[in-house]
2 protein chains.
Amino acid sequence: MTERTREPSISDTPSPADEPGPGRRPVITRADIIAAALNLLGPTRSVSTLSLREVAREAGIAPNSFYRHFRDVDELAVALIDLAGQSLRQIIGVARQRAGSEPGVVQGCTDAFMEQLRADDRLLHILLRESTVGSAAFKRAAEQQMNFFEEELCIDLIRLAAEKNSGLYDPALTAKAITRLVFAMGATALDMPEEGRAELNRQIVGMVRMIIAGTQALAAKTPAEAHPS
Amino acid sequence: MTERTREPSISDTPSPADEPGPGRRPVITRADIIAAALNLLGPTRSVSTLSLREVAREAGIAPNSFYRHFRDVDELAVALIDLAGQSLRQIIGVARQRAGSEPGVVQGCTDAFMEQLRADDRLLHILLRESTVGSAAFKRAAEQQMNFFEEELCIDLIRLAAEKNSGLYDPALTAKAITRLVFAMGATALDMPEEGRAELNRQIVGMVRMIIAGTQALAAKTPAEAHPS
DNA sequence: CATCTGTCTATACGATTGTCTTTTATTGGT
DNA sequence: ACCAATAAAAGACAATCGTATAGACAGATG
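The following refers to the structure shown.

How each quantity is defined
- Residues numbered from 1 in each chain as written.
- Chains lettered and ligands numbered in written order.
- Predicted model: local features only at pLDDT ≥ 70, side-chain atom pairs only at ≥ 80, totals over all residues.
- Heavy atoms only, no water.
- Least-squares fit on C-alpha atoms with pLDDT ≥ 70 in both.
- Contact = heavy atoms within 4.5 Å.
- Buried area = accessible area lost by both parts, 1.4 Å probe.
- Polar contact = N/O pair within 3.5 Å; in protein donor to acceptor, adjacent residues only side chain to side chain.
- Helix = DSSP H or I, 4+ residues; strand = E, 2+ residues; numbered from the N terminus.
- Nonpolar A, V, L, I, M, F, W, Y, C, P; charged D, E, K, R; others polar.
- Near = heavy atom within 4 Å.
- Buried < 20%, exposed > 50% of the residue type's maximum accessible area, 1.4 Å probe, protein only.
- Core = buried A, V, L, I, M, F, W, Y, C linked by side-chain atoms within 4.5 Å.
- Expected span 1.5 Å × (residues − 1).

1. A word on the relation of the copies chain B and chain A
No. 1: Note on the copies: chain B fits chain A at an RMSD of 0.1 Å, the axial shift is 0.0 Å, and the rotation between them is 180 degrees. Expressed as a symmetry operation, the mapping of one chain copy onto the other fits a two-fold axis. Taking the C-alpha atom as reference, chain B places B:Gly214 closest to the rotation axis, 1.7 Å from it.
No. 2: Of the residues that chain B buries at the interface, 100% are likewise interface residues in chain A, meaning the two copies contact each other through the same surface.

2. What to know about the interface of chain B and chain A
No. 1: Listed by partner, the interface residues are 28 residues for chain B and 29 residues for chain A.
No. 2: Note on chain B versus chain A: buried area summed over both sides is about 2500 Å², and carbon and sulfur give 72% of it.
No. 3: The three residues of chain B that bury the most area against chain A are B:Thr132, B:Leu173 and B:Met210, which together make up 23% of that side's buried surface.
No. 4: On inspection of chain B and its partner chain A, the count reaches two residue pairs in polar contact (both at pLDDT 80 or more).
No. 5: Elements supplying a minimum of two residues to the side of chain B that touches chain A: helix 6 (136-164), helix 7 (171-189) and helix 8 (197-221) of chain B.
No. 6: Here the side of chain B that touches chain A is built from residues that sort into 14 nonpolar, seven polar and seven charged.

3. A word on the protein's contact with DNA strand C
No. 1: Of all residues adjacent to DNA strand C, which total 25 residues, the nearest are A:Arg53, A:Asn64, A:Tyr67, B:Ala62 and B:Asn64.
No. 2: The sugar-phosphate share of atoms of DNA strand C within 4 Å of the protein amounts to 54%.
No. 3: Contact between DNA strand C and A:Ser51: a phosphate oxygen at 3.0 Å from a side-chain N or O atom of the residue.
No. 4: Counting residues per element, the surface near DNA strand C draws most heavily on helix 2 (residues 52-59) of chain A, which supplies three residues.
No. 5: Classifying every residue of the surface near DNA strand C by side-chain character gives nine nonpolar, nine polar and seven charged.

4. Topic: unusual backbone geometry
Residues and elements named next belong to chain B.
No. 1: Its identity is not glycine, yet Asp 170 carries a phi of approximately 55 degrees, on the positive side.
No. 2: Positionally, Asp 170 belongs in the loop between helix 6 and helix 7.
No. 3: Classification of Asp 170 by relative accessible area gives buried; the value is 17%.
No. 4: Of note, Glu 194 is a non-glycine position whose phi angle comes to about 85 degrees, a positive value.
No. 5: Looking at where Glu 194 falls in the secondary structure, it is placed in the loop between helix 7 and helix 8.
No. 6: The exposure class of Glu 194 is partly exposed, given its relative accessible area of 43%.

5. Digging into the nonpolar core
No. 1: Core analysis: the largest hydrophobic core is formed by 138 residues, its most contacted members being A:Leu76, A:Phe113, B:Leu76 and B:Phe113.
No. 2: Not counting residues up to four positions away in its chain, the partners in contact with A:Phe113 are A:Leu88, A:Ile92, A:Leu124, A:Leu128, A:Val182, A:Phe183 and A:Gly186.

6. Side note on helix 6 of chain B
No. 1: With 29 residues, helix 6 of chain B extends 41 Å from end C-alpha to end C-alpha; this agrees with the ideal 42 Å at 1.5 Å per step.
No. 2: One or two steps after helix 6 of chain B, the chain reaches B:Asn165, where phi turns positive at roughly 60 degrees.

7. Considerations on the protein's contact with DNA strand D
No. 1: What surrounds DNA strand D is a group of 24 residues, the closest being A:Ala62, A:Asn64, B:Arg53, B:Asn64 and B:Tyr67.
No. 2: In DNA strand D, atoms within 4 Å of the protein come 52% from sugar and phosphate.
No. 3: One nitrogen or oxygen atom from the side chain of A:Arg68 is found 3.0 Å from a phosphate oxygen belonging to DNA strand D.
No. 4: Within the backbone of B:Leu52, an N or O atom sits 2.9 Å from a phosphate oxygen of DNA strand D.

Now the structure itself:
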């Protein structure tokens, strides 16, 4: 049990089940409330509109029992965002590993991303749309997950560039541009009537290719400013 | 619903002031309510959280009088979004004209954009952050304004490419990528503690340069697929 | 002047919200 | 078996929400 993620406080289940101690055993867990919230969420329902009572109702508990697990709905939202970030990174990680170092890694990752979107992955919805609204802690959590994603992407970009012997103009900036652009485009895809998804997928791939071509071109043009490390 | 999407459906003041007709003259206008809503909005306050009563209170009218001017808050939001789109396009239009066809047009437009952001332009805030939340009509309005912006940018890109005799790989896609990326980055700048704004400005310029270099590189690589017209 | 029409106010209803206080249920320890 | 401690429930509170209804005011029209 102590082998909990060394990660800094992500989805931290403090102690309710670890050390029962004297007293009544909890009939509901943090995970149950999160599941209830996810079940309540949907393509037309955003986290910001969730009310404490509603989540409690869905979870089958009294409104007040919610406080036993979360201080307020914002804390729930942060937990959801963290979970979404973990999920996304895992998904992309699998896609990346599957694609290997083939040149179609962009296509592969984009496909995996959009496929997950089509599969109505509530967690992905959260991360995509709620990164611009909500309270401060709210946005900080979303930003953190994005940064995690950017870091992994940055490492990949550097590895790919080294393999193909092509330059990279500011790898971190490139990773950030790709991440933000894909997320923004994905967010607009959330409420699309199913058709046009393919077209949007094509657009995203084209955009990412554009950025990669751009970073290579700039690196070739101003090799002194490249940061290949 | 769609009978009004003609084109000049922006901030349409139907008739309350145009044709007084018989009856009491309105002591308050649509514009007054919009002003009240803007006054109520802020960096930590999003349109989605505005309540009918709150806006009415700020405008100094009874809650019910709101209905005389807007059917509901969503209609107010759409009006705000349309207004924001107009404002943004005007701002960029001025910046573009000022920069002329100099190579620093990217820098100039980005600076104008960020400057307006720093000036706490509520309208810009709206357009940046509320494009992913809200009702369907809500998002449609935001998407429409973005498309307007993309079209103007696309024309500019084509003109610049013709002047500099450099290719363009799918101008529309390029314009879309730039627009979405700048908007997404601008949204993250909304709640930044004033420092780091310069850094973010630098990042945005770098990203846009990357995309432009990419579209030129791709056009040079696959000239057959270029869509110059 | 009387009348009609449209704008705004006043009041109120039911629903829902977040949170507080009190009570009940259940479990482990002695 | 009893006790203490904790989880959850029950109920109530004020506040706010959107909206329905009815009445008061002002100006054009006869």
